[in-house]
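Each chain, written out:
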Amino acid sequence: MLAYALQRLAASIVLIFLVLTSTFFLLHLAPGDPVHMLDLVRVSAETRTHMLELYGLDKPIHEQYVRWLKAAVTGDWGISFTNNQSAWDLLMGRAPATFLLVISAVVIEHILGLWIGLTAALHRDSAFDVHSRWISLLLHSLPSFVLAIFAIEIFAARLGLFPSQHMTSDGFHAMTRWQQTLDLLHHLALPALTLGVVRCGAVARFVRNGMLDILSQDYVRTARALGVSERRILWLHALPNCLGPLVQRLGSSLPILLSGVVILEIIFAWPGLGITVYDALLERDYPVVLVSTAFSAFLVVAGNLMADLLHGWIDPRVREAHE
Amino acid sequence: MSEQPDIGLVSGLSRVPTAVKVAGALLIVITVLGLSAPWVAPYDPDEQADPAAGRLRPPLTGMWALRLDHGRWMLADRVERQGDQLILLTADSRRTVRADEVLNLNSEGRVTDRRCFLLGSDELGRDILSRWLFGARISLLIALFSAALAAGLGIAVGALAALGGRWLDMVLMRVVDGLLAFPWIFLLIALTAFIPSGITPLILILGCTGWMSISRLARGEIRALRHREFVLAARGLGMTEPAIFIRHVLPNIWTPLAIATTLRVGYLILVEASLSFLGLGVQPPQASWGNMIAAGRSFMATAWWILTFPALGLVITVVALHWVGDQIRDALDPRFRTSSIDETSPQGPLPDRAVS
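All values derive from a computational prediction rather than experimental measurement.

A. Spatial organisation of the overall build of chain A. Check the secondary structure of chain A and you find 14 helices and 0 strands. Helices and strands in chain A line up, N terminus first, as α-α-α-α-α-α-α-α-α-α-α-α-α-α. Oriented by its inertia axes, the alpha-carbon framework of chain A measures out at about 85 × 55 × 40 Å. When each of the 323 residues of chain A is scored for burial, the buried share is 49%. The contacts of chain A with a sequence gap of at least 6 include a subset with a gap of at least 24, amounting to 76%. Split by element, the accessible area of chain A, about 16000 Å² in all, is 66% carbon and sulfur. Charged side chains in chain A number 22 positive and 25 negative. The centres of these two groups are separated by 9 Å.

B. Representation of the overall build of chain B in the model. In terms of regular secondary structure, chain B is built from 14 helices and 6 strands. The buried share among the 356 residues of chain B stands at 51%. By sequence separation, contacts in chain B at least 24 residues apart represent 67% of the contacts at least 6 residues apart. Roughly 16300 Å² of accessible area belongs to chain B as shown, and the carbon and sulfur atoms make up 62% of that amount.

C. Looking closely at the pairing of strand β4 (residues 85-90) of chain B. All names here are of chain B. By the criterion of burial, β4 is predominantly enclosed, with 5 of the 6 residues buried. Relative to β4, strand β3 (residues 78-82) runs antiparallel, the two sharing 5 bridges. By the bridge assignment for β4, R81 is matched with L86. Counting the residues in the hairpin turn of β3 and β4 gives 2 residues, including G83, whose phi is positive at 65°. Two elements, β4 and strand β5 (residues 93-98), share 6 bridges in a ladder whose sense is antiparallel. Bridge assignment links I87 to a residue of β5, and that residue is T96. Linking two consecutive strands that pair antiparallel, namely β4 and β5, is a turn of 2 residues.

D. Structural detail: the pattern of salt bridges. Scanning all chains against the criterion turns up 22 salt bridges over all chains. For R208 of chain A, the salt bridge identified is with D129 of chain A, shortest N-O distance 2.7 Å. Here the residue R208 of chain A occupies a position in helix α8 (residues 177-215), and D129 of chain A occupies one in helix α6 (residues 127-141), the gap between them amounting to 79 residues. Both residues of the pair, R208 of chain A and D129 of chain A, belong to the buried class. For E80 of chain B, the salt bridge goes to R78 of chain B, with nearest N and O atoms at 2.8 Å. Given the relative accessible area of 33%, E80 of chain B is considered partly exposed. We classify R78 of chain B as partly exposed; its relative accessible area is 49%. Connected through salt bridges with shared partners, the residues R124, D125, D129, R133 and R208 of chain A form a single ionic network.

E. A look at the packing of helix α11 (residues 241-277) of chain B against helix α13 (residues 304-332) of chain B. Residues and elements named next belong to chain B. Where α11 meets α13, the closest approach of the two axes is 9 Å, and the angle between their N-to-C directions is 165°. Considering their axes alone, α11 and α13 lie roughly antiparallel with respect to each other. Considering how the two elements wind past one another, α11 and α13 form a crossing that is left-handed. From α11, T255, I259, T262, L263, V265, G266, Y267, I269, L270 and A273 reach across to α13, where they touch L314, T317, V318, L321, H322, G325, D326, I328, R329 and L332. Looking at the contact of α11 with α13 residue by residue, the classes come out as 12 nonpolar, 6 polar and 2 charged.

F. Focus on the sheet that holds strand β1 (residues 61-67) of chain B. Residues and elements named next belong to chain B. One open sheet holds the 3 strands; their spatial order is β2-β1-β6, and the pairing between them is antiparallel. A strand with exactly one partner marks an edge of an open sheet, and here the two such strands are β2 (73-76) and β6 (113-117). Neighbour to neighbour, the strand axes of the sheet diverge by 40° on average, direction disregarded. Where β1 lies against β2, 4 bridges are found, and the strand directions are antiparallel. If you follow R67 over to β2, its bridge partner there is W73.

G. Examining the sheet that holds β3 of chain B more closely. All names here are of chain B. The 3 strands are arranged β3-β4-β5 in an open sheet whose pairing can be described as antiparallel. Two strands bound the open sheet, and with one partner strand each, they are β3 and β5. On average, each strand axis in the sheet is tilted by 25° relative to the strand beside it, whichever way the strands run.

H. Examining helix α10 (residues 230-252) of chain A more closely. All names here are of chain A. Helix length check: α10, at 23 residues, gives a terminal C-alpha distance of 32 Å against a target of 33 Å (1.5 Å per residue), a fit within 8%. Taking the largest bend as the criterion, α10 deviates by roughly 45°, centred on L239, and proline P240 comes between one and four positions later. Those residues of α10 not exposed but buried are I233, L234, A238, L239, C242, G244, L246, V247, R249 and G251. The secondary structure elements touched by the buried residues of α10 are α5 (87-122), α8, α9 (218-225), α11 (254-268) and α13 (286-314).

I. Representation of the environment of Q7 of chain A within the structure. Residue and element names in this part refer to chain A. The residue Q7 is located in helix α1 (residues 2-29) in this model. By relative accessible area, which is 57% here, Q7 ends up exposed. Remark: the alpha-carbon pair of Q7 and Q64, spanning 57 residues in sequence, is separated by 31 Å.

J. Geometry of unusual backbone geometry. Note the cis peptide between P284 of chain B and P285 of chain B, where omega equals 5°. By secondary structure assignment, the location of P285 of chain B is in the loop between α11 and α12 (289-296). Notably, A269 of chain A is not glycine yet its phi reads approximately 50°, a positive angle. If you trace the backbone, A269 of chain A turns up in the loop between α11 and α12 (273-282). Classification of A269 of chain A by relative accessible area gives buried; the value is 16%.

K. Here's a closer look at the nonpolar core. One finds F145 of chain A together with I293 of chain B to be the most contacted residues of the largest nonpolar core, which totals 127 residues. Per-element accounting of this core gives the leading share, 13 residues, to helix α5 (residues 128-163) of chain B. Apart from residues lying up to four places away in sequence, F145 of chain A is in contact with I263 and I267 of chain A together with A273, S274, F277, I293 and L314 of chain B. Counting 16 residues, the second-largest nonpolar core is a separate cluster that includes A121, L215, A223 and C242 of chain A.

Parameters at a glance
Residues numbered from 1 in each chain as written. Chains lettered and ligands numbered in written order. Predicted model: local features only at pLDDT ≥ 70, side-chain atom pairs only at ≥ 80, totals over all residues. Heavy atoms only, no water. Helix = DSSP H or I, 4+ residues; strand = E, 2+ residues; numbered from the N terminus. Buried < 20%, exposed > 50% of the residue type's maximum accessible area, 1.4 Å probe, protein only. Contact = heavy atoms within 4.5 Å. Areas by Shrake-Rupley, 256 points an atom, 1.4 Å probe, with all protein chains shown as cover. Lys, Arg positive; Asp, Glu negative; His and termini not counted. Charge placed at Lys NZ, Arg CZ, Asp CG, Glu CD. Pairing = 2+ DSSP bridges. Salt bridge = Lys/Arg side-chain N within 4 Å of Asp/Glu carboxyl O. Axes fitted to C-alpha atoms, helices over the stretch in contact; angles between N-to-C directions. Parallel < 35°, antiparallel > 145°, perpendicular 65-115°, else oblique. Left-handed = near helix turned anticlockwise from the far one by under 90°. Nonpolar A, V, L, I, M, F, W, Y, C, P; charged D, E, K, R; others polar. Expected span 1.5 Å × (residues − 1). Bend = angle between axes of the 7 residues up to and from the residue. Core = buried A, V, L, I, M, F, W, Y, C linked by side-chain atoms within 4.5 Å.

This is the structure in C-alpha cells:
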C-alpha cells in the first residue's frame, strides 16, 4: 500500500510541475504584458522599461522561468502585480471561502444524491424511481449559472429569504460569534445549495445503479436466505460496497467542481479563489495566476490521492490489488 | 473471450422509448431552426428599431411600424391622424411625425406594417426571437465544429497510443490523465482572455481542450479490436497497418465514438454558454444564448423574457442531447444493456459536465 501511495505521489508531483510549466509559458507567450494591461499604456517609455525591469519581465523567457521556478521551490511565489501583496498570502486569504463553499456543496450533493439514489434503488420501478431518473438527468444538464440566477431572483430578490451577494453582512465584525456563524450560513445557503443541487443528479444515478447491482449479488441473496434483516443488509452489506466507488468518483470530479466554483463565485460575489483567479487572469497578474493554478492542481491531485487511499481503506479488495 | 452479440444501429434504435424519440425530434427542430436562422428569423437580430418605443416589450407584443427614409423605423401602439401629422402613441409617450415622411402608408393613409415581438424585445429594442435563433445557430455551430475537432484529435491520439507501442502508449495516457485532472475553466478563461475574440479561435480552443476523454475511449476500443480474428486475418493477408486501421478498425469503433461525440456536443454547448456568460466567449452584439443570459440578468425583475427564453433553449437542448445520447448508448452498448439489473433505465455514468 505504501509503495502504491508513493508511486502515486511521485506521478502527482510530476503532473503539477507540468501543469505549472505549461501555464507559465502560456501566460508569458500570450500577447501583451501586465504593464500594458494595467492601463498604463500612456506612461513614458522610460517608466515602462523600469517597471518591466522591476518585475523581471525584460529578461528572456527561459531566464524568467528558471528564476520563477527557483523561487517557487523555496515557497516564494512573488508579489501580486496589482495589489502589492505576496501572491501566496493573497491566495491563503481567499482559500477558506472557497473551501467552505466546496465542502458545503459536496455535503449537500451527497446527502441529496444518496437519499434519491437509495430510495429509488430500494423501490425500483416505483413512481419515485421513474421520476427521479429524469429529474437526475435534468439537474445534471442544468447549467449552474442559470440555476443560480433563478435562485437569486426567487429566493433573494422576490422572497427576500437569503442574501445573494458576498459572504458576510456589513456589520460582521461587530457581531457576536454566534451571530457571525448564522450570518455566514445565511450567505452560504444559496451558492452551496445551487452547486449541490446541480451536482446531486449524477450521484443519485450512480448510487441507484450501484445499489441495484449490489442488491442482485449472490452474497446479498445468501444474507437474505439466512434471515438477515433488510435494514442490516442495506447498512452493513450493500451500502459500504457502494461507498468506495462513490468516494473515488468524488475524487475524479474535483476539477469539474473547482471549475463550477469559479462561475458561482463570480455570480454570488463570493470572495474565494475562483474570483481571484478570474480577476488575476484578466489583469495578467502572473504571480497570482501561477500560485492559484499550482494550488488548484495541488487540490485536485491531493483530492484524488485521498480518494484513492480512502477507497483502499473502505474496500480491502482495492488494497490487496496493489499489494 | 465470449462473443458479443452483434448490435446494429437499426435494431438498437427500435428499442429506444418514445419519449426519447420526442427529445430527438426536439433536437432536430432546434438544430434546423438554428442553422437556418438567417432565413427563418423574422428580423435582423442586431437591428435596434426605435429603441425609445420598442425596448423591453413583453412577448406577443404587436406594434405599428412606420418606415421612414434611410431604413429607420418608428414604432407605436396606436397611430392617430391629425391633418398631415401622424400621432404615435405608446403607454408613456406621444410623438408626432409628418405623414409624407412615412413611406409605408396605404391609399387610405393607414400604416401597413406591424412589428411583432413574439418573444418580446430587449433593452435595445431588438427582437428576442431573432436573437434566440441566431444565438442557437452560433451555439450549435461552435459546439458541432469543436466537437468534430475534439473527436478527430481524440481518435488520432487514441490510435497512436493503441498502435504506437508500449512507451508511446504510457506517455500519451499519462498526458491525458494530467489534462483530465486540470480544472479547465482556468485555462479556458486564460486563453479566451488573451486570444483575439472570434468564432474560429473559440472553436479551436474548445476543440483542442476537449479531446481527452474521446482519446481514452478510442484507445480502449482500438486495443480491444487489435487482436481480433478479422484484424489478424487482414494482417496475414499483407495489408499495411494504416490500411487495416481505416478499413477494418475504424468502422467497428464508429458507434461508441459517435455517441461520445454527441454527448460532447452537449458539454461544449454548456462550456460555450458559460464562457459567453462570463463575457469571454461570443462577444456582443453578436447573439449567443450565454451572452443573452448575461445581458438579461440586469433586467430580471422587469423583463424576465430577455433571460428566460435563451435559458430555456440552453436547458432543453442540453437535456435532450444528454437524454438521447444516454439512451442510444445504453441501447447499443451490450455492457450496459445486458447487465443483470434492468433493461429500461440508463446504466452508464452520466456524461461529463463542463462546469458543475
